[in-house]
Amino acid sequence: MPELPEVETTRRGIAPHLEGQKVSRVIVRERRLRWPIPEDLDVRLSGQRIVQVDRRAKYLLINAEVGTLISHLGMSGNLRLVDIGLPAAKHEHVDIELESGLALRYTDPRRFGAMLWSLDPLNHELLARLGPEPLTELFDGERLFQLSRGRSMAVKPFIMDNAVVVGVGNIYATEALFAAGIDPRREAKGISRARYLQLAIEIKRILAAAIERGGTTLRDFIGGDGQPGYFQQELFVYGRGGEHCKVCGTGLREIKLGQRASVYCPRCQR
Ligand SMILES: [Zn+2]
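What counts as what
Within any chain, residue numbers begin from 1 and follow the written order of that chain's sequence. Selection of residues for local features in this predicted model requires a pLDDT of at least 70, selection of side-chain atom pairs for listing and counting requires 80 or more, and totals for whole chains, interfaces and linings are taken over all residues. Hydrogens and water molecules were not included; the side-chain quantities draw on all heavy atoms of the structure. Each helix is a run of H or I in the DSSP string that is no shorter than four residues. Each strand is a run of E no shorter than two, and both are numbered from the N terminus. Two things to know: the radius of gyration comes from C-alpha atoms, and the globule rule equals 2.2 Å times the number of residues to the power 0.38. Throughout, exposure labels follow a simple rule: accessible area from a 1.4 Å probe, protein chains only, divided by the maximum for the residue type, with under 20% read as buried, over 50% as exposed, and the rest as partly exposed. Where accessible areas are quoted, they stem from the Shrake-Rupley method and a 1.4 Å probe; at the residue level, only the protein chains shown are allowed to cover. Positive charges are assigned to Lys and Arg, negative charges to Asp and Glu, while His and the chain termini are left out of the count. A charged residue contributes its charge at one atom only: NZ of Lys, CZ of Arg, CG of Asp or CD of Glu. In this analysis a donor is any N, O or S atom within 2.8 Å of a metal ion (3.2 Å for sodium, potassium and calcium), and since water is not included, sites may seem incomplete. All geometry calls rest on donor angles, where a four-donor set with angles between 85 and 135 degrees is tetrahedral, four- and six-donor sets with opposite donors more than 155 degrees apart and all others between 65 and 115 are square planar and octahedral, and all else is irregular. Strand pairing is assigned whenever DSSP identifies at least 2 bridges connecting the two strands. Lines fitted to C-alpha atoms define the axes here, with helix axes fitted over just the stretch in contact, and angles between the N-to-C directions of these axes take values from 0 to 180 degrees. Should any heavy atoms of two residues lie within 4.5 Å, those residues are considered in contact. Excluding any residue in a salt bridge, patches collect residues exceeding 30% relative accessible area, merging like charges within 9 Å and nonpolar Val, Leu, Ile, Met, Phe, Trp and Tyr side chains within 5 Å. By convention in these notes, a salt bridge is any Lys or Arg side-chain nitrogen within 4 Å of a carboxyl oxygen on Asp or Glu. Definition of a polar contact: a pair of N or O atoms within 3.5 Å, with one able to donate and the other able to accept a hydrogen when the atoms are protein atoms, and with sequence-neighbouring residues admitted only if both atoms are side-chain atoms.

Undergrad: What am I meant to see in the overall build of the protein here?
TA: Tallying secondary structure elements over the protein gives six helices and ten strands in all. Taking 270 residues into account, the globule formula puts the C-alpha radius of gyration at 18 Å, and the protein, at 20 Å, falls close to it. Projected onto its principal axes, the C-alpha positions of the protein cover 55 × 35 × 30 Å. Taking all 270 residues of the protein together, 49% fall into the buried category. Counting only carbon and sulfur atoms, one obtains 49% of the accessible surface of the protein, whose full area is about 12500 Å². On the protein, the mean spot of the 39 positive side-chain charges and the mean spot of the 33 negative ones are 7 Å from each other.

This is the structure in structure tokens:
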């Protein structure tokens, strides 16, 4: 599933090809995504210039002169630039054709993604209640500490709550808790301010490193028939249940927390 670093990498990969370009037409081959693509998307977007491509949480905001296309990659979506007229394969549901001769093509085999239209995207119901971006000053350990008081839920689902901070998916929550030495099962309210300060630093560090690694894949977003590369990350614990801890050699344990697989080191994480 594309996580925040992949979505940010997508933004950086497609933005230079979209910004300043005029849309000539929009072709929708399959409307049924998580929500239906608006019937009038072609009418609303065609003829407009794309001003800027932004991101909020895992939503891409393709801002036109009037209105914004809100896109989410869901479980399996991707966006890339192709030459106009390149025959569409299965699951290639949308082309946004540009005057440059390129088209932004949306592919999504599982169709859990979204393409919606809004005149006020930051107040759209999907975005309005989101917590702060993790790589901004609005997110820090003090926020985690304050919001966690009185919360008896486990710390891992707490930091994955989009109202607390956006973009900390299962991979990054798992890895950040390992880096901060915090047992993912601990009650959120029982963790000290100092440890939350450390945890916030680790969340920022790990997300920033993943985005930097994604920079090596930016050329994959244009041309060809391949899928934009979702880069490999160096993982200490995620997906490694039963293997040995890279730090201390202890066997890593896998449990379910808030319906999600969680791996941790019983020695390094307290
Ligand atoms: Zn360990």
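Undergrad: Just checking my understanding: could you explain the coordination of the zinc ion for this structure?
TA: A metal bound by six donors in octahedral fashion has ideal angles of 90 or 180 degrees, whereas one bound by four tetrahedral donors has an ideal angle of 109.5 degrees. Bound to the zinc ion are the protein donor atoms Cys-245 (SG), Cys-248 (SG), Cys-265 (SG) and Cys-268 (SG), situated 2.2 to 2.4 Å from the metal. Every donor counted, the four donor atoms about the zinc ion form angles of 100 to 113 degrees at the centre, which fits tetrahedral coordination. If you list the donors of the zinc ion from N- to C-terminus, the spacing comes out as C-x2-C-x16-C-x2-C. A residue pair is termed long-range when its members are at least 10 positions apart, and Cys-245 in the loop between helix H6 (193-214) and strand S9 (253-257) and Cys-265 in the segment after strand S10 (260-264) qualify at 20 residues. Taken as a pair, Cys-245 and Cys-265 share a single burial class, namely buried.

Undergrad: What is the right way to look at the sheet that holds strand S3 (residues 59-64) in this model?
TA: The strands making up a sheet are joined through hydrogen bonds of the backbone, oriented either antiparallel or parallel. A sheet is described by the order of its strands in space; here four strands give the open sequence S2-S3-S4-S8, paired in antiparallel fashion. Looking at strand neighbours, the two that pair on one side only are strand S2 (50-56) and strand S8 (114-118), the edges of this open sheet. Sheet twist, expressed as the average angle between the axes of neighbouring strands with direction ignored, equals 20 degrees. In this structure, S3 lies alongside strand S4 (residues 68-72), joined through five bridges in antiparallel fashion. Paired with Ile-62 across the two strands is Leu-69, which belongs to S4. Packing of helix H1 (residues 4-18) onto the sheet brings it into contact with S2 and S3, and relative to S2 it is tilted by some 175 degrees.

Undergrad: For this particular structure, what's the right way to read a nonpolar patch on the surface?
TA: On the surface, Met-1, Met-75 and Phe-112 cluster together into a nonpolar patch covering about 290 Å² of accessible area. Classification of Met-75 as partly exposed rests on a relative accessible area of 33%.

Undergrad: I would appreciate a short explanation of the pairing of S8 in the present structure.
TA: Consecutive side chains along a regular strand alternate between the two faces of the sheet. Taking burial as the measure, the five residues of S8 include five buried ones, the bulk of the element. Of the two faces of S8, the one lined by Ala-114, Leu-116 and Ser-118 and the one lined by Met-115 and Trp-117 are each fully buried.

Undergrad: Explain the side chain of Glu-133 here, please?
TA: Topologically, Glu-133 is positioned in the loop between S8 and helix H3 (141-148). Accessibility expressed as a relative area gives 13% for Glu-133, which makes it buried. Here the side chain of Glu-133 touches Arg-56 through a polar contact of 2.9 Å, side chain to side chain. A distance of 2.6 Å separates a polar atom in the side chain of Glu-133 from the backbone nitrogen of Ala-57.

Geometric values such as these leave the question of function open.
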